[in-house]
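Here are the chains, one letter per residue:
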Amino acid sequence: MQRILVPTDFSNNAYAALLYATRLFQDQKCKIYILNTFEVNTPVLTSRINTEKGNILYHKLSNASKEKLEETLHRIIRDTEHLHHSFETISVSKELTETINKTVIQKNIDLIVMGTKGATSAKEIFMGSNTIKVIRKNSNCPILIVPDEFEFYSPKQIAFATGLKRSYHEHEIKPMITIAKVFKSKIRILHIHKEEELDQQQKRSLKVLKQHVKNFEISIHYLHKDTKKASHIQEFIQQKIIDMLFMIRYRHGLLEELTKVAVIKQIGFAPTIPFLVVPEVH
């Protein structure tokens, strides 16, 4: 059974991500945890009166969180009554990324699914600050980023963007393989390179990767690494009609660069398709 964590701020985008998760695994029984976090901002030095005000504010925010989670729960049950998923809501007064990391461990989560931006994020920015923080600070669990109010359709073609700099561990490839098996997806290996020729390490990495995906229809494509690589990935997605983008997050890899706010604003790393990010195995 898949165990999926879906953070929500109760925006339309967050609900679309939740709905996408239920559709992606519609043929499997899943346990889906719907998480909302809220923070009570009170002064560090507080008097008895301020403490009482803080307690009142906490209960107010906690009740609002639980009520909205209950509304979301009833809505998603109604919208997925033909599926076999079960749901559980979690309301926590903690910082989002810290709570996600703890929940991943406590609930043995297989996949995090979240929207690209919340209700208050600027429209011109593809990934909101919370999404970027979760990608960067999460080291244990795959994350599926779903574009703004994205409607589900089967991911028949998955692009794996990689520099082939190291061999791939089975656990790193498994999330992509799991989805590809369900939808009989074609896998497009997009090699982002500096040199035209593969070096020995890249050749070994490609050989290992081909072994991992031997049961699928695959193709290999080459993209020269330059300052416009983000926009080139976008062009590839559009030209090849890609349905899902997959990357492994290395500490000093391409994804780290693409999730810098300056790069997002300047280049516009804005795939219009779901984006599956898997942390490297150490």
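Preceding block: the structure.
Residues numbered from 1 in each chain as written. Predicted model: local features only at pLDDT ≥ 70, side-chain atom pairs only at ≥ 80, totals over all residues. Heavy atoms only, no water.

A. Highlighting the sheet that holds strand β8 (residues 218-224). Ordered by their spatial adjacency, 10 strands build an open sheet running β3-β2-β1-β4-β5-β10-β9-β6-β7-β8, and the pairing between neighbours is mixed. At either margin of the open sheet sits one strand with a lone partner, and together these are β3 (86-92) and β8. The mean angle between the axes of side-by-side strands here comes to 25 degrees, regardless of whether they run parallel or antiparallel. Judged from the six bridges that link them, strand β6 (residues 157-162) and strand β7 (residues 186-193) form a sheet pairing that is parallel. Residue pairing across strands places Thr162 opposite His191, the latter belonging to β7. (Pairing = 2+ DSSP bridges. Helix = DSSP H or I, 4+ residues; strand = E, 2+ residues; numbered from the N terminus. Axes fitted to C-alpha atoms, helices over the stretch in contact; angles between N-to-C directions.)

B. Just the pattern of salt bridges, in detail. Under the counting rule described, the total for this entry stands at six salt bridges. Between Glu98 and Lys102 there is a salt bridge, with its nearest N and O atoms 3.1 Å apart. Of the two residues, Glu98 and Lys102 both sit in helix α3 (residues 96-106), four residues apart, roughly one turn of that helix. Ionic pairing is found between Arg166 and Glu172, a salt bridge with its closest N-O pair at 3.1 Å. Classification of Arg166 as partly exposed rests on a relative accessible area of 26%. In this structure, a network of salt bridges that share partners links the residues Lys31, Glu88 and Lys107. (Salt bridge = Lys/Arg side-chain N within 4 Å of Asp/Glu carboxyl O. Buried < 20%, exposed > 50% of the residue type's maximum accessible area, 1.4 Å probe, protein only.)

C. Fine view of the packing of aromatic side chains. A full pass over the atoms with the stated rule returns seven aromatic pairs. With a centroid separation of 5.4 Å and an interplanar angle of 45 degrees, the aromatic rings of Phe150 and Tyr153 are classed as tilted. Centre to centre, the rings of Phe160 and Phe246 are 4.8 Å apart; their planes meet at 55 degrees, and the pair counts as tilted. With Phe160 in strand β6 and Phe246 in strand β9 (residues 244-249), the pair connects residues that are 86 residues apart, well separated along the chain. Judged on exposure class, the residue Phe160 and its partner Phe246 are both buried. The ring of Tyr15 has Arg75 sitting right over it, with the charged end atom 3.7 Å from the ring centre. (Phe/Tyr/Trp six-rings, centres within 6.5 Å; stacked < 30°, edge-to-face > 60°. Lys NZ or Arg CZ within 6 Å of the ring centre and 35° of its normal.)

D. Region of the structure containing α3. Looking at α3, one finds that the buried residues are Leu96, Thr97, Thr99, Ile100, Thr103 and Val104. Across the axial projection of α3, the buried residues extend over an arc of 160 degrees, all falling on one side. More than 90 degrees from the buried face of α3, the exposed residues found are Ile105 and Gln106. (Arc of directions from axis to C-beta.)

E. Main features of the pairing of strand β2 (residues 30-37). With eight of eight residues buried, β2 is to be regarded as a mostly interior element. Across the two faces of β2 the burial is the same, with Cys30, Ile32, Ile34 and Asn36 and Lys31, Tyr33, Leu35 and Thr37 all buried. The sheet contact formed by strand β1 (residues 2-7) and β2 spans six bridges and is parallel. By the bridge assignment for β2, Ile4 is matched with Ile32. The β-α-β motif built from β1, the intervening helix α1 (residues 12-24) and the parallel element β2 has right-handed crossover chirality. Where β2 lies against β3, seven bridges are found, and the strand directions are parallel. By the bridge assignment, Thr37 is partnered in β3 with Val92. (Right-handed = clockwise from strand over helix to strand, strands pointing away.)

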